[in-house]
Amino acid sequence: MSHKIMAINAGSSSLKFQLLRLPAGEALCQGIIERIGLQDAVFTLKAAGQKWQETLPVADHHAAAHLLLDRLVSHRVVASLKEIDGVGHRVAHGGEAFKDSALIDSSVLAKIEALSELAPLHNPVNALGIHVFRQALPGVPMVAVFDTSFHQTLEESAFLYPLPWRYYSELGVRRYGFHGTSHKYVSHTLAEQLGVPLSALRVISCHLGNGASLCAIKGGKSVNTSMGFTPQAGVMMGTRSGDIDASILPWVAQKEGKTPQQLNALLNNESGLLGVSGVSPDYRDVEQAAQQGNRRAALALTLFAERIRATIGSYVMQLGGLDALIFTGGIGENSRSARQAICRNMQFLGLELDEEKNQRNASFIQRDTSLVKVAVVNTNEELMIARDVLRIALPQRDAQTAEPCL
Ligand code: ADP
């Protein structure tokens, strides 16, 4: 039986959506509403090779949801909203409460709202998205898919920070990790492509986009990941520093009189590729500047690769070896030079990159003699979200609709 499932990613001023047909995984439409709250919001919808775009006032997320549902019918993506069988919502933080995606009811929604303390920029707006769609599509089952839940398999030794104990026990300060939906999707896809059960593989997944994180996956379970209490931690990113000596912060605060909010902006918005290169947070721009002889741009690219290599090294130790390295995200999927810089001199690990395959962006880019596979996998978080809706919400609905026949 085929189902039409909507994947929703609500941001503070945007709403991304995709309608998928499952189990085939085909995207029936995708799009985004941007500049929500403004008079000149932009609605973009792509379906069946066509693209519609309008600029119009969209007062709030309620208006955005109604606009989307109205246009799905008027552009004949669906004949009626009754065709939508389920909705999956991307939620940033599931804390320790959610070890898997969850069927949304009032208590799940209340927990998501309570977790806003840990993700003040994301959870409130994710919860708002859920409220809005529950009102707009009453009776349609909805599932929350958390960026953190894939990493709930981390052992204490991997998730604890060596701080006074009460910061964990009373305040929940620990490594949570993010990008879980992507790491899960690409590792499952890899196992399918290899024809090997994921339970038999030691994998390192490198999600390299504007935000970037690595994940060590053993037997299908996340055993370590580079983002931490917040997405600021780990490897260097477009505008985030990744890990630094934490004592730099009180030192800078004292020296320049910065507030906690300003320190946050420094680490999250002004650092990374942008901070070091002074050119741009965008990898392509930095690459171009480096090619034109910009020394700081070249240095930014080197730092970016070296920090990833150091993380790979520590994860190989933790996994006790490596069967496959995955590249995904905008940089991982597209930048030959980033993959080359990251994979250089790894023969001692049994990893040999095939430069010709790397240049033509093949699905597997290792030499035939390489013991470690190197895969380029296009991530698809929406498909993973829709699959979770199918797994968690729709069997129950099928069972319920079957009941009256008894
Ligand atoms: P987000 O985290 O916002 O989803 P993406 O996964 O789209 O980000 O990744 C954006 C990054 O991918 C940018 O730094 C961009 O420069 C980089 N990127 C996209 N295409 C290419 C390419 N062809 N070569 C190098 N980098 C690329």
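In this report, we go over the structure that sits alongside the text.

Cut-offs used in this document
- Residues numbered from 1 in each chain as written.
- Predicted model: local features only at pLDDT ≥ 70, side-chain atom pairs only at ≥ 80, totals over all residues.
- Heavy atoms only, no water.
- Phe/Tyr/Trp six-rings, centres within 6.5 Å; stacked < 30°, edge-to-face > 60°.
- Helix = DSSP H or I, 4+ residues; strand = E, 2+ residues; numbered from the N terminus.
- Lys NZ or Arg CZ within 6 Å of the ring centre and 35° of its normal.
- Buried < 20%, exposed > 50% of the residue type's maximum accessible area, 1.4 Å probe, protein only.
- Pairing = 2+ DSSP bridges.
- Axes fitted to C-alpha atoms, helices over the stretch in contact; angles between N-to-C directions.
- Contact = heavy atoms within 4.5 Å.

### A few points about the packing of aromatic side chains
Here is step 1: In this structure the tally under the stated criterion is six aromatic pairs.
Here is step 2: Their ring planes at 75° and their centres at 5.5 Å tell us that tryptophan 165 and tyrosine 168 sit as a pair that is edge-to-face.
Here is step 3: Ring geometry for tyrosine 283 against phenylalanine 304: centres 5.4 Å apart, planes inclined by 55°, an arrangement best described as tilted. On the criterion of sequence distance, the pair formed by tyrosine 283 in helix H10 (residues 283–291) and phenylalanine 304 in helix H11 (residues 295–319) is long-range, its members being 21 residues apart.
Here is step 4: Seen from the ring of tyrosine 167, arginine 166 lies directly overhead, with NZ or CZ sitting 4.8 Å from the centre.
Here is step 5: The side chain of arginine 174 reaches across the aromatic face of phenylalanine 159, ending 3.6 Å from its centre.

### Some remarks on the pairing of strand E9 (residues 202–208)
The side chains of a regular strand alternate, residue by residue, between the two faces of the sheet.
Here is step 1: Counting buried positions along E9 yields six of seven residues, so the element is predominantly enclosed.
Here is step 2: For E9 and strand E10 (residues 212–218), the ladder comprises seven bridges, and the chain directions are antiparallel. Paired with leucine 208 across the bridge in E10 is alanine 212.
Here is step 3: Linking two consecutive strands that pair antiparallel, namely E9 and E10, is a turn of three residues.
Here is step 4: The sheet contact formed by E9 and strand E12 (residues 324–328) spans five bridges and is parallel. Across the sheet, the residue bridging to serine 205 is isoleucine 326, located in E12.

### Section: the sheet that holds E9
Here is step 1: An order of E11-E10-E9-E12-E13 is seen for the five strands of this open sheet, with the pairing classed as mixed. Looking at which strands have only one partner, the edges of the open sheet turn out to be strand E11 (221–225) and strand E13 (373–376). With strand direction ignored, the average angle separating the axes of adjacent strands in the sheet is 25°.
Here is step 2: Note that E10 and E11 share four bridges and pair antiparallel. Within E11, the residue paired with isoleucine 217 across the bridge is serine 222.
Here is step 3: Where H11 meets the sheet, its contacts fall on E9, E10, E11 and E12, and the angle it forms with E10 comes to roughly 15°.
Here is step 4: Lying on the sheet, helix H13 (residues 336–343) is in contact with E9, E12 and E13; it crosses E12 at an angle near 150°.

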